[in-house]
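# What the coordinates show
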Amino acid sequence: MGTILVTGFTGTVGREVADALISMGESPVCAVRNPGKAEADFAGSYEFVKLDYNDPQTYGSALKGIDRVFLMFPPEISFAAFHAFIGKMKEEAVKHITYLSLKDVQYVPFLPHFKNEKEIKRTGIPYTFLRAGYFMQNLNLFLLDELREEDRIFVAAGRGKTSFIDVRDIAEVAALSLIEPEKHRNASYPLTGSESLDFFKVADMMTEVLGRKITYTNPTVKDFKIRMLSKGLDSGYVQVVTGIHFATKLGLAKGVTKVFQELTGKQPRSMKQYLEDYKPIWKQAGR
């Protein structure tokens, strides 16, 4: 077989996928907008190639020698640009796409992943859709400053429960699907952890692990958007995140599956394990 291309390397999941592939003996190529900066910023055995969705001239070189792709959708990118890249994969005879989607997206047509899954199917390229539950790592990424500075979880999810999953577990399934694509051909995997939790419970668990009071403030959608936009976050990204939490608020995100166990023969990481592993990240500045 040819080489695996990993997109989204500088985001939440892509680097974990690259690391999982390397641990399994693969040598993936990681797509980034600035390879020189990536080489300086990230230590490790990574090979980088330039890919800018807004520059179609980078598509061909990024896909040279590639036959399998781990694909993620950057919310700030237009559908036109993203779908143009999907079309280029067809032209370049890519043999398999593993696409990071969202759990139950087939029932939520207003989310961008619904349209992206449809476009991938339209090309006829064999695929694996990873319909993942809510990332535990959101707590140490886009929610990090609220936790460090305000001791609060600030998302508009009401009392809805969500089936959290550790990104490291998603990456393991992604790597398996790329290494043995025939076993996972045209499969859609709803991936979750083993428990469904609301954010009040998560706040209580963080309080116990971190040794200081963490509160889930349960803001309104309006207040959440105002706060996120005031930080300079991209409006398209904020809209996607708002939609994800609104689905949680409606009770649509609470379902738990055993797909991870069935595919790997292991139990998924628990929220408690994740919090213990990442505990130093939430240390308050100056304390």
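Residues numbered from 1 in each chain as written. Predicted model: local features only at pLDDT ≥ 70, side-chain atom pairs only at ≥ 80, totals over all residues. Heavy atoms only, no water.

## Considerations on the overall build of the protein chain
For the protein chain, the count of helices and strands is 12 helices and nine strands. Referenced to the eigenvectors of the C-alpha coordinate spread, the extents of the protein chain come out at roughly 50 × 40 × 35 Å. Sorting the 287 residues of the protein chain into buried and exposed places 53% on the buried side. Within the protein chain, residue pairs in contact and separated by at least 24 positions form 74% of the contacts whose partners lie at least 6 positions apart. Total accessible area on the protein chain stands at roughly 13000 Å², and carbon and sulfur atoms take up 50% of it. Where the 38 positive side-chain charges of the protein chain centre and where its 34 negative ones centre are 4 Å apart. (Helix = DSSP H or I, 4+ residues; strand = E, 2+ residues; numbered from the N terminus. Buried < 20%, exposed > 50% of the residue type's maximum accessible area, 1.4 Å probe, protein only. Contact = heavy atoms within 4.5 Å. Areas by Shrake-Rupley, 256 points an atom, 1.4 Å probe, with all protein chains shown as cover. Lys, Arg positive; Asp, Glu negative; His and termini not counted. Charge placed at Lys NZ, Arg CZ, Asp CG, Glu CD.)

## Quick notes on the packing of helix 9 (residues 221–230) against helix 10 (residues 235–249)
Across the interface, helix 9 lies against helix 10 with an axial gap of 10 Å and an inter-helix angle of 150°. When the axes of helix 9 and helix 10 are compared, the pair comes out roughly antiparallel. Helix 10 is crossed by helix 9, and the crossing has right-handed handedness. Contacts from V221, F224, K225, M228 and L229 in helix 9 reach S235, V238, Q239, V241 and T242 in helix 10. (Axes fitted to C-alpha atoms, helices over the stretch in contact; angles between N-to-C directions. Parallel < 35°, antiparallel > 145°, perpendicular 65-115°, else oblique. Left-handed = near helix turned anticlockwise from the far one by under 90°.)

## Topic: the nonpolar core
Ranked by size, the top nonpolar core spans 32 residues in total, and within it L139, I153, V155, M206, M271 and W282 carry the most contacts. When contributions to this core are tallied by element, the ones reaching two or more residues are helix 6 (144–150), helix 8 (199–210), helix 9, helix 10 and helix 12 (271–278). A per-element tally of this core places helix 8 first, with seven residues. For M206, the contacting residues outside a window of four places in its chain are L139, L147, I153, G211, R212, I214, L275 and W282. (Core = buried A, V, L, I, M, F, W, Y, C linked by side-chain atoms within 4.5 Å.)

## A word on the pattern of salt bridges
Taken as a whole, this structure holds 18 salt bridges when the rule is applied. Of the charged contacts in the structure, one is a salt bridge between R131 and E117, with a shortest N-O distance of 2.6 Å. Of the two residues, R131 is situated in strand 6 (residues 127–132) and E117 in helix 5 (residues 112–123); the sequence distance between them amounts to 14 residues. Overall, R131 belongs to the buried group, its relative accessible area being 10%. You can call E117 buried: its relative accessible area is 4%. (Salt bridge = Lys/Arg side-chain N within 4 Å of Asp/Glu carboxyl O.)

## Digging into the UniProt feature "domain: NmrA-like" (unreviewed entry) in the protein chain
According to UniProt, the "domain: NmrA-like" (unreviewed entry) feature falls on residues 3–226. Between the C-alpha atoms that bound residues 3–226 the distance is 43 Å, and the span itself is 38% helix and 18% strand. (UniProt positions renumbered as here; feature names shortened; annotations may be inferred.)

## Some remarks on the pairing of strand 8 (residues 187–191)
Only one face of strand 8 is buried, namely the one carrying A187, Y189 and L191, since none of S188 and P190 on the opposite face is buried. Note that strand 6 and strand 8 share five bridges and pair parallel. Within strand 8, the residue paired with F129 across the bridge is S188. (Pairing = 2+ DSSP bridges.)

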